[in-house]
Amino acid sequence: MAETSVPSAGVPNAPASPRRVTAPAVAAFKGRGAPVVMVTAYDAPSARIADGAGVDVILVGDSLANVVLGYDDTLQVTIDDMEHHVGAVARTQPRALVVGDLPWLSYHVSTADTVTNAARLIRAGAGAVKLEGGRKRLEAVRAILDAEIPVMGHLGLTPQSVHALGGFRVQGKDLEAARAIVDDAVALAEAGCFAVVLECVPDAVARLVTDTVPIPTIGIGAGRHCDGQVLVFHDVLGLEERVTPKFVRRYANLADDARAALERFAEDVRGGRFPASDETYHAADNVADMMIAVYGGDDASPSSDASDGVEAPHPA
Ligand code: KIV
């Protein structure tokens, strides 16, 4: 697929360009007036849906841990898990930029480990990586950039620091904390990050960061004064029902729809209504008759259907 260095969504409601979105293309959204649209996805079907909807960036987030793998926080996922899921998303060859989240401890121990782990996500198909933290993580950011891998920053509520932060709380609420977030964002931008996520900060803080840094800010729970917005796939679609943070807008209730569909499937199976004849492969009449003659059985079975070819149950 061809590469492009310009944003494809410069006009509201414009159809998505077929060209693949790159990290420099995302950086170029800054100041263009078109917001960056990012959503998480963790597997091939969700990546196809997200890309089909025309999002600019698919984040294979470490929220994989709590959204998909059943853990309580993101500290449980490993670089192996992330590589596995980045691969699943990337194999769908989306137009959107695939950003792979570096999990906790994959960039905290040594510079060599940091670069190797970032490279694993790139080799799995990501076009960029994301990591949490500001000035404290500059060495890691610089090393990854030095290996020619684009880096997205992440400030504010950084879930990998949940224990250090004392829980999942809005960050940057006082002047000093707000100042630290701005300084961290400036440091990440100066180091060469192409964009920065701002999670759960007051809108005034997000506005200040957005007005200060030359790279796009992508907000989640950070209000409208950001250069883009990101939400978690399962939150947007109502597949995650256990918690709904204030900043989530649900655009569908797919968990309800899925439950209702599976209830109907169960009723049909239990009531003998599934599968129907046209959902069944039939042997040719003579073969069916012979089988009944040899083995006995129900001769009231439907006769053969000349159109019964063997087909793959799902497209490859
Ligand atoms: O892992 C994730 O889903 C994220 C988003 C909240 C930005 O980092």
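Before going into details, it helps to say that this report is about the structure given with it. (Residues numbered from 1 in each chain as written. Predicted model: local features only at pLDDT ≥ 70, side-chain atom pairs only at ≥ 80, totals over all residues.)

Right, let's talk about the overall build of the chain for a bit. Scanning the chain from terminus to terminus reveals twelve helices and eight strands. Counting only residues that meet the buried cut, the chain has 40% of its 316 residues in that class. Within the chain, residue pairs in contact and separated by at least 24 positions form 56% of the contacts whose partners lie at least 6 positions apart. (Helix = DSSP H or I, 4+ residues; strand = E, 2+ residues; numbered from the N terminus. Buried ≥ 20, exposed ≤ 12 C-beta atoms within 10 Å, placed from the backbone. Contact = placed C-beta atoms within 7 Å.)

The next subject is the environment of Glu139. With respect to the element layout, Glu139 can be found in helix α6 (residues 138-146). Between the alpha carbons of Glu139 and Ser110 there is a distance of 9.8 Å; along the sequence they are 29 residues apart.

Moving on: the site of the ligand. In the vicinity of the ligand, the contacting residues are Thr40, Leu59, Gly61, Asp62, Ser63, Asp101, His154, Val197, Glu199, Ile220, Val230 and Val232. Broken down by class, the residue content of the shell around the ligand amounts to five nonpolar, four polar and three charged. (Near = placed C-beta within 6 Å. Nonpolar A, V, L, I, M, F, W, Y, C, P; charged D, E, K, R; others polar.)

The subject of this paragraph is the pairing of strand β3 (residues 97-101). The side chains of a regular strand alternate between the sheet's two faces. In terms of burial, β3 is largely enclosed, as five of its five residues are buried. Alternating residues of β3 divide into Leu97, Val99 and Asp101 and Val98 and Gly100, and every residue in both groups is buried. Bridge count between strand β2 (residues 57-60) and β3: four bridges; the pairing is parallel. The residue bridging Ile58 from the neighbouring strand is Val98, located in β3. Looking at chain direction, β3 and strand β4 (residues 128-130) are connected through three bridges and run parallel. Residue pairing across strands places Gly100 opposite Val129, the latter belonging to β4. Traced from β3 through helix α5 (residues 111-123) to β4, the parallel crossover comes out right-handed. (Pairing = 2+ DSSP bridges. Right-handed = clockwise from strand over helix to strand, strands pointing away.)

Little of helix α12 (residues 285-295) sits out of view: just zero of its eleven residues are buried. Positive backbone phi, approximately 80°, marks Gly296, located one or two places after α12.

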